[in-house]
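Report on the structure
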Amino acid sequence: MQRSSEPNQGLRASSSEAVGAPLEASARVVFLGGVGEVGRNMACVELSGRILIVDVGLSFPHAEMPGVDLVLPDFEYVRERMDDVEAVVLTHGHEDHIGSLPYLLRETERQLPVYGTPFTLALLERKLEEHEVRDRAELRQVTPGEAATAGPFSMRFLRVTHSIPDGMAVVIDTPFGSILHTGDFKIDQTPLDGRPTDLHALAEEAGRGVHLLLSDSTNSEEAGYTSSERSVGPVLQDIIARAPQLVVVACFSSHIHRIQQVVNAARADERVVAFLGRSMHQSVDAARELGLLHAPEQDVILIEQLDEFDPSRVVVISTGSQGEPLSALSLMAAREHKWVKLREGDTVVLSSSLIPGNEPAIHRVIDGLYRTGADVFHLPAYPVHASGHAAVEELRLMLSLVRPRWFVPIHGERRQLAHHAKIATEVGIPADHVLICEDGDVVEVGEKVQLAGRVPAGMTFVDGLGIGDVGQVVLRDRRKLSSEGVVVVVIAIDAHHGQLVAGPDIVNRGFVFDEAWGDILEEARERVMLSLRESAEAEVVDRGVLEQNVRRALAKYFYDVTQRKPVILPVILEV
Ligand SMILES: [Zn+2]
Ligand SMILES: [Zn+2]
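Residues numbered from 1 in each chain as written. Chains lettered and ligands numbered in written order. Predicted model: local features only at pLDDT ≥ 70, side-chain atom pairs only at ≥ 80, totals over all residues. Heavy atoms only, no water.

A short note on the overall build of the protein
A count of helices and strands for the protein gives 17 helices and 29 strands. In the protein, which comprises 575 residues, the proportion classed as buried is 54%. Considering only intrachain contacts with a sequence separation of at least 6, the fraction spanning at least 24 residues in the protein is 72%. In the structure as shown, the protein presents an accessible area of about 25000 Å², 51% of it carried by carbon and sulfur atoms. (Helix = DSSP H or I, 4+ residues; strand = E, 2+ residues; numbered from the N terminus. Buried < 20%, exposed > 50% of the residue type's maximum accessible area, 1.4 Å probe, protein only. Contact = heavy atoms within 4.5 Å. Areas by Shrake-Rupley, 256 points an atom, 1.4 Å probe, with all protein chains shown as cover.)

A few points about the coordination of the zinc ion (ligand 2)
The coordination sphere of the zinc ion (ligand 2) contains the protein donors D96 (OD), H97 (NE2), D184 (OD) and H411 (NE2), at a distance range of 2.1 to 2.2 Å. One can describe the donor arrangement at the zinc ion (ligand 2) as irregular, given that its four donor atoms subtend angles of 89 to 167° at the metal. Here the donor residues of the zinc ion (ligand 2) are spaced in sequence according to D-H-x86-D-x226-H. (Donors = N, O, S within 2.8 Å, 3.2 Å for Na, K, Ca; no water. Tetrahedral: all angles 85-135°; square planar, octahedral: opposite > 155°, others 65-115°.)

Quick notes on the sheet that holds strand β18 (residues 314–318)
Reading across from one edge, β17-β16-β18-β15-β19-β20 is the order of the six strands in this open sheet, with parallel pairing throughout. Here the strands that pair on one side only, and so sit at the sheet edges, are β17 (300–301) and β20 (375–377). Summarising the sheet, strand β15 (residues 247–250) and β18 pair through four bridges and their orientation is parallel. Within β18, the position partnered with V249 by the bridge is I317. Where helix α12 (residues 359–371) meets the sheet, it contacts β19 (347–350) and β20, and its direction lies at approximately 165° from that of β19. (Pairing = 2+ DSSP bridges. Axes fitted to C-alpha atoms, helices over the stretch in contact; angles between N-to-C directions.)

Describing the pattern of salt bridges
Overall, the coordinates contain 32 salt bridges when judged by the stated rule. Between R40 and D439 there is a salt bridge, with the nearest N and O atoms lying 3.4 Å from each other. Of this pair, R40 sits in the loop between β3 (35–36) and β4 (42–47) while D439 sits in the loop between β23 (435–436) and β24 (441–445), and the two are 399 residues apart along the sequence. Like D439, R40 is buried. (Salt bridge = Lys/Arg side-chain N within 4 Å of Asp/Glu carboxyl O.)

Structural notes on the nonpolar core
Among the nonpolar cores identified, the biggest contains 66 residues, and I53, V78, I259 and I317 are the most heavily contacted of them. Of the residues that make up this core, three or more belong to each of domain 1 (2–224 + 387–462) and domain 2 (230–377). I259 has contacts with C251, F252, S253, F275, M280, V284, L293 and I317, leaving out every residue within four places of it along the chain. (Core = buried A, V, L, I, M, F, W, Y, C linked by side-chain atoms within 4.5 Å. Domains from an automatic or database assignment.)

What about helix α13 (residues 392–402)?
Those residues of α13 lying buried are V392, E394, L395, M398, L399 and V402. Each buried residue of α13 sits inside an arc of 170° when the element is viewed along its axis, so together they form one side. On its buried face, α13 sits against β13 (177–181), α7 (199–208), β14 (210–216), β21 (406–410) and α14 (414–426). Immediately beyond the C-terminal end of α13, within one or two residues, lies R403, with a positive phi of roughly 45°. (Arc of directions from axis to C-beta.)

Quick word on the side chain of T319
Among the secondary structure elements, T319 is positioned in the loop between β18 and α11 (328–333). Exposure remark for T319: the relative accessible area of 12% places this residue in the buried category. Beyond its immediate stretch of four places on either side in the chain, T319 contacts A250, C251, S253, L276, G277, S279, M280, A328 and L329.

What about the coordination of the zinc ion (ligand 1)?
For the zinc ion (ligand 1), every protein donor is listed as H92 (NE2), H94 (ND1), H162 (NE2) and D184 (OD), and the spread of their distances is 2.1 to 2.4 Å. Around the zinc ion (ligand 1), the four donor atoms sit at angles spanning 90 to 167°, and that spread fits a shape best called irregular. Of note, the zinc ion (ligand 1) draws all its donor residues from one chain, in the sequence arrangement H-x1-H-x67-H-x21-D. Between the zinc ion (ligand 1) and the zinc ion (ligand 2), both coordinated by D184, there is a metal-metal distance of 3.3 Å. Taken together, the residues span a long stretch of sequence, with H94 in the loop between β7 (85–89) and α4 (95–98) and D184 in the loop between β13 and α7 at a distance of 90 residues. You can call D184 buried: its relative accessible area is 3%.

Remarks on the packing of α13 against α14
Remark: α13 packs on α14, axes separated minimally by 10 Å, with the N-to-C direction vectors making an angle of 50°. Considering the angle they form, α13 stands oblique to α14. α13 and α14 meet at a crossing whose hand is right-handed. Mapping the contact onto sequence places V392, L395, R396 and L399 in α13 and H420, I423, A424 and E426 in α14. Each residue belonging to the contact of α13 with α14 can be placed in one class, and the counts come to five nonpolar, one polar and two charged. (Parallel < 35°, antiparallel > 145°, perpendicular 65-115°, else oblique. Left-handed = near helix turned anticlockwise from the far one by under 90°. Nonpolar A, V, L, I, M, F, W, Y, C, P; charged D, E, K, R; others polar.)

Let's talk about helix α8 (residues 232–242)
Of the positions making up α8, those classed as buried are V232, G233, V235, L236, I239 and I240. In an axial view of α8, the angular spread of the buried residues amounts to 165°, which keeps them on one side of the axis. Seen from the buried face of α8, the exposed residues on the opposite side, beyond 90 degrees, are P234 and R242. Contacts from the buried residues of α8 go to β15, α9 (256–268), β18, β19 and β20.

Some points on the side chain of D55
Relative to the elements of secondary structure, D55 occurs in strand β5 (residues 50–56). Buried within the structure, D55 lacks any salt-bridge partner; K127 is the closest side chain of opposite charge, at an N-O distance of 13 Å. There is a polar contact of 2.8 Å between the side chain of D55 and the backbone nitrogen of T91. Residues within four places of D55 in sequence aside, it is in contact with N41, M42, A43, V89, L90, T91, H92, H97 and H181. (Lys, Arg positive; Asp, Glu negative; His and termini not counted. Polar contact = N/O pair within 3.5 Å; in protein donor to acceptor, adjacent residues only side chain to side chain.)

Here's what the structure looks like:
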């Protein structure tokens, strides 16, 4: 099994050549995100010097990225070759597959063709309008089962089932056979919309010859089969039927089939539904327009009307299942929601998975919900959710059905990729035909498929509404500020003689509690005076050096007595 880390250092060092245009006959796949991590999926498939981008997703920050709102893929590689980009293909409408496209479009003047299914494009369109880049995308709607050609790329689209309607796999022809990108999928034989993953089409592709399979690894550690989406319906129905008062169900806004099951369960119990949350409304509106969600008008009320109804006749369908700080559900848990005031005996269902990394936030919200006196239903105690990703047996089925000559597991952290690679070798793919890649890896697709260098694939952090990259330095400061606090030292010196006129005044935020640690701050003041005296003796007049000396003296002292390293900001005023 080839690995992309150390053994390829040589390749990486001499990669500049490899990273230019690929050899005439061969194709390439360049992974810019989603390989070795969960989120911000983006891959470039290249043929005859042209680029087809598959997915442009984003990911959400984890706890070590304070103040960061979004994480985008590194666009540097594509930025330099924007004119070579033939088109973008989106496998489905989840944020980790479409979320960064508006940011990519902001960087180009040209109009990019974007292929996707109706629901994917409906979600994308709303996003592009928000970012005011709608005119930079030429949306090309496709239906699974269809084929399309863009420049040198012949593509076929295959239906796959996932936790959002209208997902698809993409097949791209190369001179050596096809590259099959599964997108996110599960093999659900009884999906709610009656449109299962198209096994027949996959078998046909196998017949044509799949050279390289790129397949979703999310659930490669989960044994057996992922349960059918349909299994969740009766559980929800039971909970709602038994609920004595108001019911709130939180789920992903794009999970239209889940929302459909909640609507069905509500109607069965003669309840009306109210949708709550901005993304919920956007997604539900798009799905209803396309006929993907059936919620009769007379069964839907506005959240503002909640007071007018008997709570035992209402189900609120809300966002916030991941514990997002300002989401509707978090506000309910904090008893701060404008419309939904939870009371003892109400019922709350978190009909979603716990995305790794979000657990502390979700648990905090769940605790808050319990405190309101509500009855709370969530995984793993209640089967109120079914995953949208294939488990081990389904991954085996995909591999056995497609019979690729080469295999690269995608969409997963390293350990998930490693598990998926093992599954591939178990079903008979030779270990040396399985490559574990990481973001930034360039894979050459010739007769042989092999690693052929690296391109930049760092993280781009987006802060608030800003476009800019926050950068590692700012992040490091924020981490330090949030964990260690800050100490500001204000000193006024005579501009001519360099003598201390006032201060030092020491102000701290988040470092030590003044009352209890008054001694430390008093001693710190002494240390600053000492440092200034020493500087004076050494005839130091440069303000930068004075500040540096003060900072050093305090850093050492604070560390000695507290084992902590607050950010120290000396402010020297010349008066
Ligand atoms: Zn997905
Ligand atoms: Zn995904």
